[in-house]
Amino acid sequence: MNCPIDDGPLTRTELATGLPAFECARCHGRWLRYGDYLGWRERQGGNVPETPHDPSASGPAPEPAMPARRCPDCGRFLTRYRVGHGIPFSLDQCNQCNGVWLDAREWDALQSRGLHDDLHEMFGPGWQHVVRTEEQRRLTDAQFTRQLGEADFARVREFGTWLADHPRASEGRAYRQGVA
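On a predicted model such as this, the values are computed, not experimentally measured, just so you know.

Draft legend 1. Region of interest: the nonpolar core. Ranked by size, the top nonpolar core spans 24 residues in total, and within it Leu91 and Leu110 carry the most contacts. Formed by nine residues, the second largest nonpolar core is a distinct cluster that contains Phe22, Trp31, Leu78 and Cys94.

Next comes the structure, spelled out in structure tokens:
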């Protein structure tokens, strides 16, 4: 079994107590077999709560565009999935055997945020929909910040939040539409 990054040999290791994986000595990436992950997760007994995103915290940088990677177990191409939730990188999964490739420090970043026990959800349509929605919101906010300026956009967002939480929000929106 060889590394999908540099074709070096993968050696047995543990990502966490009782969670076997394979690691590349050169790039420090790790291959996690899905069955091993599911067995480990089942033995954990519960889900670790997610830690809120801290924009000032450092972690693995988003990776540049990379060539397609191949599964160390079956040789099929790996599919990239965005993690989201403030995590800037993607994970690679084999759609045949469901194994997961983690680049160096990615497991540690997931673990520090309490997301390491959510891998089984990250590749599903629900999680990926949330990721796309988060990304669209971030891009929209950036566009309006450029157009309105930071101070004015902050005021618009504050008003929007206040209106959304107001018990008579529909009347407020109707008024704004009528006088705009």
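Here the narrative resumes.
Draft legend 2. Highlighting the packing of aromatic side chains. Applying the stated rule across the entire model yields six aromatic pairs. Taking 6.0 Å as the distance between ring centres and 65 degrees as the angle between the ring planes, the aromatic pair formed by Trp40 and Trp107 counts as edge-to-face. You can see Trp40 sitting in helix H1 (residues 34-44) and its partner Trp107 sitting in helix H2 (residues 106-112), a full 67 residues away along the chain. Comparing Trp40 with Trp107, the two get one shared label, buried. Measuring from ring centre to ring centre gives 5.7 Å for Phe159 and Trp162, while their planes differ by 35 degrees; the resulting arrangement is tilted. Pair noted here: Phe159 and Trp162 are both in helix H5 (residues 150-165), with a separation of three residues, about one helical turn. A relative accessible area of 39% means that Phe159 is categorised as partly exposed. If you follow Arg70 out to its NZ or CZ, it ends over the ring of Phe77, 3.9 Å from the centre.

Draft legend 3. Expanded view of the pattern of salt bridges. According to the stated counting rule, one finds ten salt bridges in the structure shown. In this structure, the salt-bridge partner of Glu23 is Arg30, at a minimum N-O distance of 4.0 Å. Taking relative accessible area as the criterion, Glu23 reaches 19% and is therefore assigned buried. For Arg30, a relative accessible area of 17% gives the class buried. With a closest N to O distance of 3.1 Å, Arg69 and Asp103 form a salt bridge. Of this pair, Arg69 sits in the loop between H1 and strand S4 (78-84) while Asp103 sits in the loop between strand S6 (100-102) and H2, placing them 34 residues apart in sequence. Classification of Arg69 by relative accessible area gives buried; the value is 5%. Three or more residues joined by partner-sharing salt bridges are found here, namely Arg69, Arg80, Asp92 and Asp103.

Draft legend 4. Here's a closer look at the sheet that holds strand S3 (residues 30-32). If you trace the six strands from one edge of the open sheet to the other, you get S1-S2-S3-S6-S5-S4, paired in antiparallel fashion. Strand pairing shows two members of the sheet lacking a second neighbour, strand S1 (10-16) and S4, which therefore form its edges. The average undirected angle you get between the axes of adjacent strands in this sheet is 35 degrees.

Draft legend 5. Focus on a nonpolar patch on the surface. On the surface, a nonpolar cluster with roughly 250 Å² of combined accessible area is contributed by Phe144, Leu148 and Val156. With respect to the helices, strands and loops of the structure, Leu148 is situated in helix H4 (residues 125-148).

Draft legend 6. Structural context of the pairing of strand S5 (residues 87-94). Counting buried positions over the eight residues of S5 gives seven, a clear majority of the element. Both S4 and S5 contribute to a ladder of six bridges, which runs antiparallel. Considered in S5, the bridge of Arg82 is made with Ser90. Hairpin connection between S4 and S5: a loop of two residues separates the two successive antiparallel strands, and His85 in this loop has a positive phi of roughly 55 degrees. In this sheet, S6 lies alongside S5 in antiparallel orientation, the contact comprising two bridges. Bridge pairing links Asp92 to Trp101 in S6. Linking two consecutive strands that pair antiparallel, namely S5 and S6, is a turn of five residues; a positive phi of about 70 degrees is found at Asn98 within it.

Basis of the calculations
- Residues numbered from 1 in each chain as written.
- Predicted model: local features only at pLDDT ≥ 70, side-chain atom pairs only at ≥ 80, totals over all residues.
- Heavy atoms only, no water.
- Core = buried A, V, L, I, M, F, W, Y, C linked by side-chain atoms within 4.5 Å.
- Buried < 20%, exposed > 50% of the residue type's maximum accessible area, 1.4 Å probe, protein only.
- Phe/Tyr/Trp six-rings, centres within 6.5 Å; stacked < 30°, edge-to-face > 60°.
- Helix = DSSP H or I, 4+ residues; strand = E, 2+ residues; numbered from the N terminus.
- Lys NZ or Arg CZ within 6 Å of the ring centre and 35° of its normal.
- Salt bridge = Lys/Arg side-chain N within 4 Å of Asp/Glu carboxyl O.
- Pairing = 2+ DSSP bridges.
- Axes fitted to C-alpha atoms, helices over the stretch in contact; angles between N-to-C directions.
- Patch = residues over 30% accessible without salt bridge, like charges linked within 9 Å, V, L, I, M, F, W, Y side chains within 5 Å.
- Areas by Shrake-Rupley, 256 points an atom, 1.4 Å probe, with all protein chains shown as cover.

So yeah, pure geometry; function would need other evidence.
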